[in-house]
Amino acid sequence: MHSGGMAVLRPRLHFTARRFWLNDPNGLVFAGGRYHLFFQHNPRAGNHGYMSWGHASSVDLLRWEEHEVALPWREGQDVFSGSAVVDWRNTSGLGGAGEGGPPVVAMFTGNGFYHQAQYLAVSRDGGETWAFGPPEPVLDEGKQDFRDPKVFWYAPGGSWVSVVVHPDERQVGVYTSPDLRVWSQVSVFGPAGGVAGIWEVPDLFALEVAGQERWVLKVDVFEGGPQGGTGAQYWVGDFDGRVFTPSQGARWADAGKDFYAAITFSDLPQSGRRVWLGWLNNWVYANRLPTTPWQGVLTLPRELSLVQDGPEWALTQVPVPELEALREEPLALPDGQQVEVGEGVPLDLTLPMTSWILQLLSARGEEARLWLEDGALHLTRAAPVGMDGFAGTFTAALPDGPGEVRVLLDTCTLEVFAAGGRLAFTQLLLPDEPITALRLRDADGRGWTMRATQAP
Ligand code: FRU
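Since we're looking at a predicted model, the values are computed, not measured.

J.: Just to check I follow, could you spell out the pattern of salt bridges for this structure?
T.: Should their charged atoms come close, side chains of opposite charge can pair. Tallied over the entire structure, the rule returns 22 salt bridges. Among the ionic pairs, Glu200 bridges to Arg147, the shortest N-O distance being 2.7 Å. Residue Glu200 is found in strand E14 (residues 199-209), and its partner Arg147 is found in strand E10 (residues 147-154); the two are separated by 53 residues along the sequence. Judged by its relative accessible area of 11%, Glu200 is buried. Its relative accessible area of 8% is what places Arg147 among the buried residues. For the salt bridge of Lys150 with Asp203, the shortest nitrogen-to-oxygen distance reads 3.8 Å. A residue pair is termed long-range when its members are at least 10 positions apart, and Lys150 in strand E10 and Asp203 in strand E14 qualify at 53 residues. For the pair formed by Lys150 and Asp203, the shared burial category is buried. Overlapping salt bridges, with partners in common, bring together Asp145, Arg147, Asp148 and Glu200 in one network.

J.: Honestly, the UniProt feature "domain: Glycosyl hydrolase family 32 C-terminal" (unreviewed entry) in the protein in this entry has me stumped. Any pointers?
T.: The sites that UniProt annotates as "domain: Glycosyl hydrolase family 32 C-terminal" (unreviewed entry) are residues 390-445. Between the first and last C-alpha atoms of residues 390-445 the distance is 28 Å; the span itself is 0% helix and 54% strand.

J.: Explanation requested: the packing of aromatic side chains in the structure shown.
T.: To describe a pair of aromatic rings, you give the distance between the ring centres and the angle between the ring planes. Summed over all chains, the structure comprises 28 aromatic pairs. Aromatic pair Phe189 and Trp235: ring centres 4.8 Å apart, planes at 70°, arrangement edge-to-face. Within this pair, whereas Phe189 is found in strand E13 (residues 184-189), its partner Trp235 is found in strand E16 (residues 231-239), the two being separated by 46 residues in sequence. For Phe189, a relative accessible area of 9% translates into the label buried. One aromatic cluster is present, formed by Phe38, Trp53, Phe108, Tyr119, Trp130 and Phe132 through successive ring pairs. Taking the ring centre of Tyr50 as reference, the NZ or CZ of Arg44 above it sits at 4.0 Å. One Lys or Arg, Arg74, reaches over the ring of Phe132 and ends 3.5 Å from the middle of that ring.

J.: What am I meant to see in unusual backbone geometry here?
T.: Working note: non-glycine residues mostly have negative phi, and peptide bonds are mostly trans. Going from Gly190 to Pro191, the amide bond is cis rather than trans, its omega being 0°. Tracing the backbone shows Pro191 in the loop between E13 and E14. Going from Thr292 to Pro293, the amide bond is cis rather than trans, its omega being 5°. Looking at the secondary structure, you find Pro293 in the loop between strand E20 (275-279) and strand E21 (294-295). At Val201, a position not held by glycine, the phi torsion is positive, near 45°. Among the secondary structure elements, Val201 is positioned in strand E14.

The rules we used
Residues numbered from 1 in each chain as written. Predicted model: local features only at pLDDT ≥ 70, side-chain atom pairs only at ≥ 80, totals over all residues. Heavy atoms only, no water. Salt bridge = Lys/Arg side-chain N within 4 Å of Asp/Glu carboxyl O. Helix = DSSP H or I, 4+ residues; strand = E, 2+ residues; numbered from the N terminus. Buried < 20%, exposed > 50% of the residue type's maximum accessible area, 1.4 Å probe, protein only. UniProt positions renumbered as here; feature names shortened; annotations may be inferred. Phe/Tyr/Trp six-rings, centres within 6.5 Å; stacked < 30°, edge-to-face > 60°. Lys NZ or Arg CZ within 6 Å of the ring centre and 35° of its normal.

Below you can see the structure in the form of structure tokens.
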């Protein structure tokens, strides 16, 4: 179907590094009046290597300004994934004398020669500039695979908590610390749920629902995801500062093929608010995506909550409401009519929860097709030669729930939310030519063109 002449445009709302490789989001934290976004980055090439923490920041979660690499690769040690917190009371003692506010402390995995352990890094100017912390790891079990620490402050216990994954064992270790420097293991979760592939990138966070606090443990799986390959599973349950106890079985966070390595922001200014974003990709083909000069894109930030689902709880995700400020021109999608849209213009569409077909068209014809039929959402996408695992039709059951279907299309990214956020469905597209028209059949739709936040 594809000729090979790819013209994949850079997304205009979704974060990409200006140049070269990006994978997991890291160290998401609000500090110094800005949202900080770090990311797994190769500052030298468009493939996974020389892993470093790239850095961008934003005042509104929409417009990201890319900065110098925060934590560069050094001979013998990759800077793998991790998280960051504001150490308000300087428990770590890593703060500077007086100026600059509380230290912002990152905990990351140092990936060495058959050895992974957790290290600290610090910013003494509200997250702007960074330095490596003590040369020794703060958490080391002498293992080859042990990574992706996610840290948070557990107020009732007055301690830091870090969840760190044991990939091969399909386990998440829970550790506590008074000062971010000395860590003790307090429990281990797993194996459970999806165990076909190794586990990566855990997160553990509370969500308030009907005046009660419930906890969500998310961990990614390398194989056996909802559409094959990598994916994100979660449990809802309780956490007492030491042990996470699930109250229900594992569920997929996103039913699409391209949602991985999401982590939540720390220290958001609005109490109770939970926002995460993930890597819009699948390790099955991540290294072979034919885009240039960038490689890898993150999802839009999504707000999280829980809703009752029979006797269980379901995670809901919706794009952060801040995005609505980017809506520009209203767009109508009358049944059967081809509607031209500008090349590269991001779209925010609202479609009914009835049956319909949405064709995404380029100068060559249909590039992809999204449709709703028999209580399920379907996407067919094509792929160039050599992209095994990319082309095909992907289906997700549509849960019961209120509302409409929201479709965010931004060049090669498609994020669909339905049933009040109970369904999130995230997919990359590789159109042969840029998408410049839409045709909706069997329903009327509407939407908006969106103002770009990232240059082409
Ligand atoms: C997940 C992951 C992490 C690791 C990082 C390396 O995509 O494999 O487990 O820390 O990427 O870039």
